[in-house]
Amino acid sequence: MEWLEKLNIDFSKVVEWGSAILMAIVALIIGFWLAGKITGLVRKSLAKRDVDVSLQGFLAGLVSILLKAAVFISVASMVGIETTSFVAILGAGGLAVGLALQGSLANFAGGVLILLFKPFKVGDLIDAQGHFGVVKDINVFVTTLESPESKKIIIPNGPLANDSITNLSEIGHLRVDLVAGIGYSEDIKKAKDVIMKVMQDDPKVLKDPAPSVNVLELADSSVNLAIRPYATVADYWDVYFGITEKVKIALDEAGIEIPFPQTVMHQAG
């Protein structure tokens, strides 16, 4: 009789444990299904926002892992497994990894911000972190530029995302700043007309915004004129060097002197 009673007690425990395990399995299946649905919604939302494809996959995968970890911990608690110490171990491990990789994590966070908010994109001309060049590649850790001298520049995304960035391509055109000096005895209006015609005749100088010529300063030996044509980003250097050369030729042909520094030497008597 005692053996039978003991058997009944054990059998009831088995039923209890079996029910708990069955419910945990059902909860695990439903939880993973919901995690998959939520991950899919996150991926679609990122795609609608035109987020970088590589970042879409990473963020969706991260959401999936976090949700499944939460489901697993919840299910473990349902079957009586103590999860407090488990969570504490995971937290301590995460803290240790974070401290060891804080530089890389800062770059990663910066890369995520850049890919999400897009202060620049591949092909843009930017000035950032003391570097100037065309953006060739953006990933979650570094951004790669190509300088005008054809040098490859790799910038960590951490400091890049937390400092000022000048995007020279965003508006679509750039102002080219040039200076030409004429002699004090020359006709300023004539010189301005000559220079303006040079810019108006150049096909790479934009009509809108319109170019301009103005007196910049009265220097020691010349009247300096500010020459301001506008060009597309692609034509910037062609306009910079082309207009400089054409202005010199046009002023020479018009008989307008471009003075150069002169030093007068006096012999002691």
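Scroll up for the structure.
Keep in mind that what you see is a predicted model, and the values were worked out from it rather than measured.

1. Points about the pattern of salt bridges
Should the charged atoms of two oppositely charged side chains come close, the side chains can pair.
Link 1 in the chain: Per the stated rule, a full pass over the model turns up nine salt bridges.
Link 2 in the chain: A salt bridge links R175 to D177, with the shortest nitrogen-to-oxygen separation between them at 2.7 Å.
Link 3 in the chain: Accessibility expressed as a relative area gives 42% for R175, which makes it partly exposed.
Link 4 in the chain: D177 gets classed as partly exposed once you look at its relative accessible area, which sits at 38%.

2. Comments concerning a nonpolar patch on the surface
Link 1 in the chain: Together, L22, V26, I30, W33, L34 and I38 make up a nonpolar patch on the protein surface, roughly 580 Å² of accessible area in all.
Link 2 in the chain: Structurally, the position occupied by V26 is in helix 1 (residues 2-48).

3. Quick look at the packing of helix 6 (residues 188-201) against helix 7 (residues 236-253)
Link 1 in the chain: Axis separation between helix 6 and helix 7 bottoms out at 9 Å; the angle between their running directions is 135 degrees. One way to sum up the angle between helix 6 and helix 7 is to call them oblique. For the pair helix 6 and helix 7, the sense of crossing is right-handed. Counting all contacts with helix 6, which are made through A191, V194, I195, V198 and M199, the residues of helix 7 involved are I243, K246, V247, A250 and L251.
Link 2 in the chain: Class assignment for the residues of the contact of helix 6 with helix 7 results in nine nonpolar, no polar and one charged.

4. Quick word on the sheet that holds strand 3 (residues 142-146)
Link 1 in the chain: Taken in spatial order, the five strands of this open sheet run 4-3-2-1-5, and their pairing is antiparallel. In this open sheet, the two strands that pair with only one neighbour each are strand 4 (152-156) and strand 5 (165-167). Averaged over all pairs of adjacent strands, the angle between their axes in this sheet comes to 40 degrees, without regard to strand direction.

5. As for the nonpolar core
Link 1 in the chain: Counting residues in hydrophobic clusters, the biggest one holds 24 residues, and the most contacted among them are I195, I227, I243, V247 and L251.
Link 2 in the chain: Residue assignment for this core shows that the elements contributing at least two residues are strand 7 (178-182), helix 6, strand 9 (223-228) and helix 7.
Link 3 in the chain: In terms of residues, this core owes the most to one element, helix 7, which gives six residues.
Link 4 in the chain: Discounting residues that sit within four places of it in the chain, I243 has contacts with L178, V198, M199, D202, V205, I227 and D238.
Link 5 in the chain: Core analysis: the next-biggest nonpolar cluster, separate from the first, contains 14 residues, V112, L145, I153 and L160 among them.

6. Quick notes on helix 6
Link 1 in the chain: Compared with the 20 Å implied by 1.5 Å per residue over 14 residues, the 20 Å span of helix 6 between its first and last C-alpha is a close match.
Link 2 in the chain: Where helix 6 is buried, its residues meet strand 7, strand 8 (212-218), strand 9 and helix 7.

Reading the values: the criteria
- Residues numbered from 1 in each chain as written.
- Predicted model: local features only at pLDDT ≥ 70, side-chain atom pairs only at ≥ 80, totals over all residues.
- Heavy atoms only, no water.
- Salt bridge = Lys/Arg side-chain N within 4 Å of Asp/Glu carboxyl O.
- Buried < 20%, exposed > 50% of the residue type's maximum accessible area, 1.4 Å probe, protein only.
- Patch = residues over 30% accessible without salt bridge, like charges linked within 9 Å, V, L, I, M, F, W, Y side chains within 5 Å.
- Areas by Shrake-Rupley, 256 points an atom, 1.4 Å probe, with all protein chains shown as cover.
- Helix = DSSP H or I, 4+ residues; strand = E, 2+ residues; numbered from the N terminus.
- Axes fitted to C-alpha atoms, helices over the stretch in contact; angles between N-to-C directions.
- Parallel < 35°, antiparallel > 145°, perpendicular 65-115°, else oblique.
- Left-handed = near helix turned anticlockwise from the far one by under 90°.
- Contact = heavy atoms within 4.5 Å.
- Nonpolar A, V, L, I, M, F, W, Y, C, P; charged D, E, K, R; others polar.
- Pairing = 2+ DSSP bridges.
- Core = buried A, V, L, I, M, F, W, Y, C linked by side-chain atoms within 4.5 Å.
- Expected span 1.5 Å × (residues − 1).

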